[in-house]
Each structure stands twice: as structure tokens, then as C-alpha cells.
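Analysis of the macromolecular model
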Amino acid sequence: MPRFDAAAFADRVRIYKDLLTRFNAVHNLTNFKDIEANINDSVGILNFADFSGAGRIVDVGSGAGFPAIFLAFLLKSEFYLFEPNPKKAAFLRMVKIECALKNTHIIKEKIQAYKADFKADIITSRALMRVRDLMRICLHLSGEDTIFALYKGSGAHDEMQGLQNYQIFEKGLRKYCVFKASMQNSTEG
């Protein structure tokens, strides 16, 4: 895990939790019972993979901000969070403002509709869709050196079948699947 200012992280987490409580009461953004465990899950990948050199990190289907918001609390990378749901995107914008996340961009549209003028260094997603489907909709944002870092559950090993040179890091029930886009022969399957 990269070195970080623990007090600043804790302060931003406190602000996040307060905003989530207020938004969730009206908009039902998430039904997570243990927010702390989900925050730890979001940053847990940093125990296995080094994201510190990434210039641009794209998160697909950001929802209430897991994992990208918490990674943005820790890393200097530019974050692009794709969330087409208007209520969730509004919540993410509020978190960005209240937590002073100048390195974070909220994009209220589906990733496949976005006209990108850059390639991502890392693409993250938490249990949004099957691996090959995600790779397919991210083709325009993934380059030769793009790393996919996907947060998966018990079906991770099955989803990764047929892909090459991937790693699965396990922490409890979470399976962090990491692979380089260019190492894959095909996104069909």
C-alpha cells in the first residue's frame, strides 16, 4: 500500500460516510450494511498491485464510489468515474466537491458512449459485468499498456478462463483479478 496521510484519509472517509447517510435516506444508493468493510475492500487491491505510477484510472459503473473514490483519496492519479445513473452521479459529484478531489472526474454516461481522447493506465470495476463484456465496452479506452483491475467474487476463476497472464489475488471472499489488456488474444467468449 502506498504511503498516505492517514488523518486526511480518515477525514475524507468521515465526510463520505456523512454524505452517504444523507443521500441514502432519500435516494437509496446502496444497501451495504458494513461501509467500513467495503472501504477496506476498495483499497485492499493496493496490498497486491502498485497503482502509484498510473496517470489515469478509469472506473466503470462507479455506483456509490466503490472502489474509485477511496483509491482517489490515496493516489495522485487522475480518476474518471463512469456512472450513468443520475442520482449516483450527483452523489459522486457531491463527494468530489466536499472531499476536494481535484483529481476526480465524474462522467454521467455509459463508458461505451464516451468519446475518449486518452487511454487509461488502469481500468477498475467492481462486480459490474462479466470480464469479456467489460473488456469489449472499454476497447476505446484501453491501450497496449492498460491494466484491468477487477473486483470479483466467487465466480472469478470461471470468468478468467481463456484469458492469458492474469493474476487473482484473494482477500477473504474478494478476488482481485489483474491483467494487461494487450496480453489477451481476444475479448470474445
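Our subject in this report is the structure included herewith. Sequence positions are assigned chain by chain, starting from 1 and proceeding in written order. Two thresholds apply to this predicted model, a pLDDT of at least 70 for residue-level local features and 80 or more for giving and counting side-chain atom pairs, whereas whole-chain, interface and lining totals are computed over all residues. Heavy atoms from the whole structure form the basis of all side-chain values; hydrogens and water molecules are not counted.

Here we look at the packing of aromatic side chains
Cut-off, in case you're wondering: Pairing of aromatic rings covers Phe, Tyr and Trp, the last through its six-membered ring, and needs centres within 6.5 Å; plane angles under 30 degrees mean stacked, over 60 mean edge-to-face, and all others mean tilted.
Enumeration according to the criterion identifies 14 aromatic pairs in this entry. What links up through ring pairs into an aromatic cluster is the set F9, Y16, F23, F66, F70, F73 and F91.

Considering the packing of helix α1 (residues 6–27) against helix α4 (residues 86–98)
When two helices pack together, their arrangement is given by the angle between the helix axes and the distance between those axes. What counts is decided by this rule: Convention adopted: a line fitted to C-alpha atoms gives each axis, helices being fitted over their contacting stretch, and angles between N-to-C directions are expressed from 0 to 180 degrees. Here a strand is any run of E in DSSP of at least two residues, a helix any run of H or I of at least four, and the numbering for each starts at the N terminus. Note on terminology: angles under 35 degrees are roughly parallel, angles over 145 are roughly antiparallel, angles of 65 to 115 are roughly perpendicular, and the others are oblique. Handedness of a helix crossing follows the sense of rotation of the near helix relative to the far helix, less than a right angle counterclockwise being left-handed and clockwise being right-handed. Any two residues having at least one pair of non-hydrogen atoms within 4.5 Å are treated as being in contact. Any residue outside Ala, Val, Leu, Ile, Met, Phe, Trp, Tyr, Cys, Pro, Asp, Glu, Lys and Arg is labelled polar, Gly included; the first ten of those are nonpolar and the last four are charged.
Two elements in contact, α1 and α4, have axes separated by 10 Å at closest approach and are oriented at 155°. Taken as axis vectors, α1 and α4 run roughly antiparallel relative to one another. At the point where α1 passes α4, the crossing takes the right-handed sense. For the pair α1 and α4, contact is made by I15, Y16, L19, L20, F23 and H27 and by K87, A90, F91, M94, V95 and E98, respectively. Split by residue class, the contact of α1 with α4 holds nine nonpolar, one polar and two charged.

A short note on the nonpolar core
So the rule is basically this: Among buried residues, those of type Ala, Val, Leu, Ile, Met, Phe, Trp, Tyr and Cys that are joined through side-chain atoms within 4.5 Å constitute a nonpolar core. Think of it in three bands: with a 1.4 Å probe and only protein chains considered, a residue is buried below 20% of the maximum accessible area for its type, exposed above 50%, and partly exposed in between.
One finds Y16, I45, F51 and F91 to be the most contacted residues of the largest nonpolar core, which totals 42 residues. Only α1, α2 (35–44), α3 (68–74), β2 (78–82), α4, β5 (142–152) and β7 (174–180) provide two or more residues apiece to this core. Non-local contacts of Y16, meaning those with residues more than four positions away in its chain, are made with A64, F66, I69, F70, F73, F91, V95 and C99. The next biggest cluster of nonpolar side chains, apart from the first, holds 25 residues, and it includes F82, Y114, F118 and A181.

A short note on unusual backbone geometry
The omega torsion across F66 and P67 is 5°, close enough to zero to call that bond cis. Positive phi, close to 50°, is recorded for N28, a residue that is not glycine. Topologically, N28 is positioned in the loop between α1 and α2. Residue classification places N28 among the exposed positions, given a relative accessible area of 56%.

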